[in-house]
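Reading the structure
These are the residues of each chain, in order.
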Amino acid sequence: MKKVFVFLKPYRMQCILAPLFKLLEAAFELFVPLVVASIIDRGIAARDTAYVLRMCGLLLLLALVGYASSVTAQYFASVAAVGFGTASRKALFSKIQSLSYAELDKLGTATMITRMTSDVNQAQTGVNLTLRLLMRSPFVVFGAMLMAATINARLSLIFAGVIAALIVAIYLVMFVTVPLYRRSQEKLDRVLDKTRENLTGARVIRAFCMEEKEEADFDDANGALTAAQKKVGRISDLTNPVTYVLINIGVIALIYAGAVRVNLGELSQGQVVALYNYMSQILVELVKLANLIVTVTKSVACGKRIARVLEMSSSLSAPATAPETDPKAPVLAFDNVSVSYAGAGAPSLSDVTFTLGRGQTLGIIGGTGSGKTTLVNLIPRFYEVSSGSVRVEGADVRDYPLEVLREKVGVVPQRALLFAGTIRENLLWGNPGASDEELYAALRTAQAIDVVESKPLGLDEPVEAGGRNFSGGQRQRLTIARALVRHPDILILDDSASALDYATDARLRRALREDLGGMSVVVVSQRTSSVRHADLMVVLDDGEVVGMGTHDSLRETCTVYREICDSQEKGATDA
Amino acid sequence: MKEQKSDKVSGMRALGALVPYFKRHIPMFVAVTVLAAASVALTLLVPILIGKAIDLIIGEGQVDFVGVARLLLYVGIAVGATALMQWLLSVCNNKIAFEMVRDLRRDAFRKIERLPLSYLDTHPSGEIVSRVIADADTVSDGLLMGFTQLFTGVLTILGTLAFLIWLNMWIALCVVVLTPLSLFVARFIARRTYSMFRAQSATRGEQTAFIDEMIGGQKVVQAFTHEDENQAKFDEINERLRRHSLRATFFSSLVNPSTRAVNNLVYAAVALLGAMIMIYPGGFGGIGPALTVGALFSCLSYANQYTKPFNEISGVVTELQNAAACAARLSELIREPAEKPDAENARELPDAQGEVELRHVAFSYVPQRPLIEDLSLLVKPGMHVAIVGPTGCGKTTLINLLMRFYDVRDGAVTVDGYDIRELTRHSLRRNIGMVLQDTWIRHATVRDNIALGRPDASEEEIIAAAKEAHAHSFIKRLPQGYDTVLTGDGGGLSAGQRQLLCIARVMLIHPAMLILDEATSSIDTRTEMKIQDAFARLMRGRTSFIVAHRLSTIREADLILVMKDGNVIEQGTHGELLARGGFYAKLYNSQFEV
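1. Some details on the overall build of chain B
- Looking only at helices and strands, chain B has 20 helices and twelve strands in total.
- Out of the 594 residues in chain B, the part that is buried amounts to 57%.
- Pairs at least 24 apart in sequence give 79% of the contacts found in chain B among residues at least 6 apart.
- Carbon and sulfur atoms provide 59% of the accessible area of chain B, an area that totals close to 23100 Å².

Structure follows, in structure tokens:
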């Protein structure tokens, strides 16, 4: 939780002033019963009109000063709470951006979004109410007790008893409800998940006529959420009635004990009224406090969830300064590299060793799930090796600051994903300083120039979230251009031509060869035609290297490679 | 000012949209009203009882202990009963509010299932999610506060007024004259905060959409070390949200102190008036009984209680304003026109033969940008039709039309001679198995993912389908085999493995027609060759539409359609098209270019 409270630090002044002004307001309120008691005992009993007028003027003054303090307090509380929410969101966003692929996989998208939206909002409300009320309520409660003690010390013991009973009751309710709130939040996550799924998978769901079943499933999740909410409600709503009963037991005791004292002449009628008023002030504040505790409980649960994300440390630690690189060393070297994902049975990649020289092309070929993507993900250090080492320009990738390493690598991921904005903005992701000429050059190499030219606004054509307004092939070519814009030392094409037709793919390969100069290329593909001219080819099968060499040597020596070639060339030869 | 007014109108209309959801809770609502009335009456009785007790405690040796004890017993009974009723009241309120939100979410979800795809294709899913989740929550919070406090509030006001009049006419009058101030203040603030909440809500939506996109694409963001730019953009939205939130939060938080200040004013006035009436009995025309200390005490308690419900009601008003802003966004979604329902006399197509015809079809996504103009085509049952062409030529559009994800603008698509618009969508789609390039895996077990189209399939059938799709061997190697829970984005599965699961889905349903939209583009050819026979078996006797760029997979097709810019420019068999030496031949030969 410390991680979360840090965000209040810049608002230290507001965090002190808001409760302080609230206390000021409360202090003025605490004088009211005393003033009323004097009106009864001195003003009315002595028929002293001037005194009554003076006292009523005092009541009015107390009200106005109280109001001014309260408005000030609300302002400070709003500033601190909203500032807190803003800083939390900022920190969460920045934390999520710093997490490695392994942690991102673990957290899941839906969870991250809930943390950043509804959890932060709830926590922000919690901070606001806490600043406004959490100090004020106990202050009024104990203040009322102290004021009662100045009237009659013995009777204030009743106050002490009532307050103790109330604290126990409220604590019990909290104790029971906190885990229940957590559970109902989990149910909400499920509803969120269902909603997202049905938006992203609308086509498949409709194609399979799953609408009714989806609705039934959603109703289950939604019903479970409602049931969980109602269950928490039933318990947390005990707070108000229970406090009401306890306070009134106090009132009954107070009036009766007061009657005994008045009969003995220790107490006046007006003082009994004042004591009662203090008791009812306690009631009012405790009702507020109880409601506050419900909100704060929820907020604390949210805060804890936020903190859990903030406490995640990226499993990757990287040094701040760039390592010595050796210009003569191979641009990329794998040395006995193995990778096992957490929780998976067999290793995804075992004992891979190869080197790739500057300007050379590495082809990685293998079936689905053979570990190709895992292998290339190690180069920009998206995942960590379990054993062995990956070296770029002679230095271990773990010795590079992440941004230095990733500047050297241009990645075209399997899933061609563009972002809302314009084509230009998307391309500039590769290199924010690139000129239009550079963008066009990259587009030409990536065979994407016609995509841009076919759009009325050219580079400024808007791109919708995810690149939905472009076809799969257009997206792929744009993502290739995006990677080229950064002029990387190593370009990784992770099955990036899968949505391209053969003609475009062939043109792309030719252009890459001609335009790239000293750039090394790592091509992951299932098409032999995409990799057959590679200087070095690695054939993977189930995470194992089953062959390494050139197209010709592999045809001779590697059964798996031969099978792959056969599966693709059969069509060509008998055409 | 005009803006404010229209905001208010739409807010009212949004609340009106909630009425149907409320209807079935009317019996419960009646119970709530009765409980509220009873508990308010008993709550109001307590100050009178205590006031009377105080009048029995006059001074030294002047205490009527028997009377005091009797009155305090009544207090005890009233308090116990009130507490019980209050609890029941909250339980009932929770039931109403939570169930209303449940129903709202249910309908929003139902609408999502029925929205035209053109809507889903053009609205960020993050924004829709925010409506169904966050906005619905705010509506629920608003309603909860509203139900509990609005009615007890109103009843307390009326009850207090009655008791005050009964105690003393003049004090009652003083309270009645001064309270409108409280109402006025609350109204004044609420009017100004509604548009602030609306602005906050809109900015929040914008931020959620951004978060949704960037967190979803986080891996790409990191690959391009684009974190700093994202953070900057995020901070900009975040800062705007901070400004809107601050205004909304601060101004709405003024309601309570302001009404409380009015409350204290009334309290002082009652104290003054009460004291004066007691000092000068008869000086005010002698209306009502002369005041005792106990009665003044009761009046002061009431004066306190009288303005408190105004505090609460104004609090409710703020919450309701906020809830109305969210309800507006939610009901906008719920009232969004659904796709055209099946025609009333739509017929079922139980087992299609699979004859598909396109008659003079014209279609475009955007009216200004024509795509398909006058396309005609006849596909006999069992024919295998391959659609090829450069990327973006309209191949996928044909499939959108055939599945009726979109309706043609002109002409007609028929299956077995029926215009597909005269068939129920479900019976049409049940006859078509579809595998898309964009694989979609749901957050569920592998088993549930395969059994998507036939949830009642037996274990044997599921495994058989997985084996046919060559998915069985990798599934076995997953940590929990068929019980492995996959996350929405496919988790640890490769694109190819995801695709194999999607194929297994279709393997399980054996439809009359097949659509394979780049279905094998992310499967390696070695595996594809291995499942080729499974595909062949799947396609045997079934009308199949195959969109592919891998020409080797479509050579066997009975008819190849070559599309370019929305038109079929060549059609024929592989041999015919090669012989013609046109676009297809060029395309085909290019795959052997190096």
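2. Quick word on the overall build of chain A
- The secondary structure content of chain A amounts to 21 helices and twelve strands.
- At a minimum sequence separation of 6, the contacts of chain A that also span at least 24 residues come to 76%.
- Summed over its atoms, the accessible surface of chain A is roughly 21400 Å², and 58% of this surface lies on carbon and sulfur atoms.

3. So, the nonpolar core
- Counting 131 residues, the largest nonpolar core has Ile450, Ile475 and Leu501 of chain B as its most contacted members.
- Per-element accounting of this core gives the leading share, eleven residues, to helix α4 (residues 65–114) of chain B.
- If we skip the residues at most four places from it in the chain, Ile450 of chain B touches Ile462, Ala466, Ile475, Tyr482, Leu501, Ala504, Arg505 and Leu508 of chain B.
- With 122 residues, the next largest nonpolar core counts Phe93, Leu362, Ile379 and Met537 of chain A among its residues.

4. Some thoughts on the interface of chain B and chain A
- Of the residues lining the interface, 166 residues belong to chain B; the matching set on chain A comes to 167 residues.
- With both chains or domains summed, chain B and chain A bury close to 14800 Å², and 63% of this area falls on carbon and sulfur atoms.
- Interface area lost by chain B to chain A is led by Phe224, Trp440 and Arg526 of chain B, which between them contribute 5%.
- There are 13 salt bridges connecting chain B and chain A.
- Between Asp219 of chain A and Arg110 of chain B there is a salt bridge, with the nearest N and O atoms lying 2.7 Å from each other.
- Taken together, the connections running from chain B to chain A amount to 43 residue pairs in polar contact (both at pLDDT 80 or more).

5. Quick look at the packing of helix α10 (residues 239–264) of chain A against helix α3 (residues 26–55) of chain B
- Running from amino to carboxyl end, α10 of chain A crosses α3 of chain B at an angle of 10°, the nearest separation of the two axes being 12 Å. With respect to α3 of chain B, the axis of α10 of chain A lies roughly parallel. Residues Tyr244, Asn248, Val251 and Ile255 of chain A of α10 of chain A form the contact with α3 of chain B, whose own contacting residues are Thr43, Val46, Ile50 and Ala53 of chain B.
- Along the lines of polarity and charge, the residues of the contact of α10 of chain A with α3 of chain B split into six nonpolar, two polar and no charged.

6. Observations concerning helix α15 (residues 436–445) of chain A
All names here are of chain A.
- Within α15, burial applies to Leu439, Ala442, Leu443 and Thr445. Buried residues along α15 cover an arc of 165° about the axis, so they all sit on one side.
- Where α15 is buried, its residues touch α14 (423–428), α16 (449–453), α17 (472–484) and α18 (502–515).
- Looking one or two residues past α15, Gln447 carries a phi angle of roughly 60°, positive in sign.

7. Side note on the packing of aromatic side chains
- Using the criterion set out here, one finds 21 aromatic pairs over all chains in the structure.
- On the numbers, 5.9 Å between centres and 35° between planes, the contact of Phe93 of chain A with Phe210 of chain B is tilted. You can see Phe93 of chain A sitting in helix α3 (residues 49–98) and its partner Phe210 of chain B sitting in helix α7 (residues 169–216), one on each of two chains.
- A connected cluster of aromatic rings, assembled from ring pairs, spans Phe21, Tyr75 and Phe76 of chain A together with Phe250 and Phe251 of chain B.
- The cationic tip of Arg192 of chain B hangs over the ring face of Phe188 of chain B; the distance from NZ or CZ to the ring centre is 4.3 Å.

Rules used in this analysis
Residues numbered from 1 in each chain as written. Chains lettered and ligands numbered in written order. Predicted model: local features only at pLDDT ≥ 70, side-chain atom pairs only at ≥ 80, totals over all residues. Heavy atoms only, no water. Helix = DSSP H or I, 4+ residues; strand = E, 2+ residues; numbered from the N terminus. Buried < 20%, exposed > 50% of the residue type's maximum accessible area, 1.4 Å probe, protein only. Contact = heavy atoms within 4.5 Å. Areas by Shrake-Rupley, 256 points an atom, 1.4 Å probe, with all protein chains shown as cover. Core = buried A, V, L, I, M, F, W, Y, C linked by side-chain atoms within 4.5 Å. Buried area = accessible area lost by both parts, 1.4 Å probe. Salt bridge = Lys/Arg side-chain N within 4 Å of Asp/Glu carboxyl O. Polar contact = N/O pair within 3.5 Å; in protein donor to acceptor, adjacent residues only side chain to side chain. Axes fitted to C-alpha atoms, helices over the stretch in contact; angles between N-to-C directions. Parallel < 35°, antiparallel > 145°, perpendicular 65-115°, else oblique. Nonpolar A, V, L, I, M, F, W, Y, C, P; charged D, E, K, R; others polar. Arc of directions from axis to C-beta. Phe/Tyr/Trp six-rings, centres within 6.5 Å; stacked < 30°, edge-to-face > 60°. Lys NZ or Arg CZ within 6 Å of the ring centre and 35° of its normal.

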